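Spelled out, the chains give:
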Amino acid sequence: MLLLILRSLAIYGGLAAVLLYAAHRWVLPLERKVALLLAISPLLFTGLATFRGEMYAPVDINLLFEPLASHRKDLEMEEAQTPLLSDVAYSMVPWQKSVRENLKNGRAPLWNRFILAGQPLLAVQQPAALHPFTWIGFLLPLAQAWTLQMSARLLLAALSAYLLFRDMGCRKSASILGALGWGFSDFMMFWLGYTVGNSLGPFPLLLLGL
């Protein structure tokens, strides 16, 4: 488990370095202190799961119903922490598992064979089968890969907002505050585990480009 945790941290560090360097090289210069702050800020939420090798997802929702409900007493679980995020547990995570299962068996991620008689997989877009964060996650088991993706989405959101505010002429302190305000807003955190989180995070970067 320790090696897996270290691998997760190394991959996140490498991904963060690439994103920050790209922003510094092609968008706006970043000071090292600011870049480091932005890189570690997602760990305020995902750090516990990252350092424990766990999954930053509401998977406890699965224990509300059979066949797993009988294990709730063993885990001393009374209720799910975030029951509103059921789609993350029932759809988003299983879709990513289906993508992995297809690729592992040498098939393109076109079809999800785990839902009734089957369902389109790539065409529905929700699994984000072609997203870079999904592919980078293949370097890890699903649980750790999911946590990695959540960290990366938060980093991209905060970085994009910081770049926008700096481009608007805001001071560094104000830009950092705005970046954290956007990256960790209720809106962003609620949709983080949904596929739309991949596009919501960098929205400020779109505004900057326009």
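Residues numbered from 1 in each chain as written. Predicted model: local features only at pLDDT ≥ 70, side-chain atom pairs only at ≥ 80, totals over all residues. Heavy atoms only, no water.

A. Here's a closer look at empty space enclosed by the protein. Taken as a whole and assessed by the stated rule, the structure comprises two cavities of 30 Å³ or more. The calculated volume of the largest cavity comes to roughly 80 Å³. Lining the largest cavity, in full, are Ser8, Leu9, Tyr12, Leu43, Ala49, Thr50, Gly53, Glu54, Gln144, Thr147, Leu148 and Ser151. Contributing elements (two or more residues each) for the lining of the largest cavity: α1 (2-26), α3 (43-52) and α6 (142-167). (1 Å grid on protein atoms, 1.4 Å probe; cavity = no way out; pocket = protein on both sides within 12 Å on 5 of 7 lines; lining within 4 Å. Points joined across faces, edges and corners; volume = space filled by probe spheres on them. Helix = DSSP H or I, 4+ residues; strand = E, 2+ residues; numbered from the N terminus.)

B. The arrangement of the nonpolar core in detail. Leu20, Leu30, Leu38, Leu159 and Tyr162 are the most contacted members of the largest nonpolar core, which totals 29 residues. Secondary structure elements with two or more residues in this core: α1, α2 (32-40), α6 and α7 (172-183). For this core, the element with the most residues is α6, which contributes eleven residues. When near neighbours in sequence (up to four residues on either side) are disregarded, tyrosine 162 contacts Leu30, Val34, Leu38, Lys172, Ser175, Ile176 and Ala179. Ranked by size, the runner-up nonpolar core spans 20 residues in total, among them Met150, Leu154, Phe184 and Met188. (Core = buried A, V, L, I, M, F, W, Y, C linked by side-chain atoms within 4.5 Å. Buried < 20%, exposed > 50% of the residue type's maximum accessible area, 1.4 Å probe, protein only. Contact = heavy atoms within 4.5 Å.)

C. A look at the layout of surface pockets. The volume enclosed by the largest pocket comes to roughly 600 Å³. In this structure, the largest pocket is lined by 21 residues; those nearest its centre are Met55, Tyr56, Ala57, Pro58 and Gln81. The set of elements that each furnish at least two residues to the lining of the largest pocket consists of α3, α6 and α8 (186-191). Broken down by element, the lining of the largest pocket gets its largest block of residues, four residues, from α3.

D. Region of the structure containing the packing of aromatic side chains. Taken as a whole, this structure holds seven aromatic pairs when the rule is applied. Measuring from centroid to centroid gives 4.8 Å for phenylalanine 45 and phenylalanine 184, while their planes differ by 55 degrees, and the two rings are tilted. Placement of phenylalanine 45 in helix α3 and of phenylalanine 184 in the loop between α7 and α8 is noted, with a sequence separation of 139 residues between them. Overall, the relative accessible area of 33% leaves phenylalanine 45 in the partly exposed class. For the ring pair phenylalanine 190 and tyrosine 194, a centre distance of 6.2 Å and an interplane angle of 20 degrees mean the geometry is stacked. (Phe/Tyr/Trp six-rings, centres within 6.5 Å; stacked < 30°, edge-to-face > 60°.)

E. Layout of the side chain of asparagine 198. If you trace the backbone, asparagine 198 turns up in helix α9 (residues 197-200). Within the local environment of asparagine 198, its side chain forms a polar contact with the side chain of arginine 153, the two groups lying 2.9 Å apart. Filtering out sequence-adjacent residues up to four positions away, asparagine 198 remains in contact with Ala128, His131, Phe133 and Arg153. (Polar contact = N/O pair within 3.5 Å; in protein donor to acceptor, adjacent residues only side chain to side chain.)

F. Structural context of the packing of helix α4 (residues 86-104) against α6. The N-to-C vectors of α4 and α6 enclose an angle of 115 degrees; their axes lie 11 Å apart at closest approach. With respect to their mutual orientation, α4 and α6 come out roughly perpendicular. For α4 against α6, the interelement crossing comes out right-handed. Seen from α4, the contacting residues are Val88, Met92, Val93, Gln96, Lys97 and Arg100; seen from α6, they are Leu142, Ala145, Trp146 and Gln149. (Axes fitted to C-alpha atoms, helices over the stretch in contact; angles between N-to-C directions. Parallel < 35°, antiparallel > 145°, perpendicular 65-115°, else oblique. Left-handed = near helix turned anticlockwise from the far one by under 90°.)

G. How the structure looks around the packing of α2 against α6. At a closest axis distance of 8 Å, the pairing of α2 and α6 adopts a crossing angle of 145 degrees. In this structure, α2 uses Val34, Leu38 and Ala39 to contact α6, whose residues at the interface are Leu155, Ala158, Leu159 and Tyr162. Looking at the contact of α2 with α6, its residues break down into seven nonpolar, no polar and no charged. (Nonpolar A, V, L, I, M, F, W, Y, C, P; charged D, E, K, R; others polar.)

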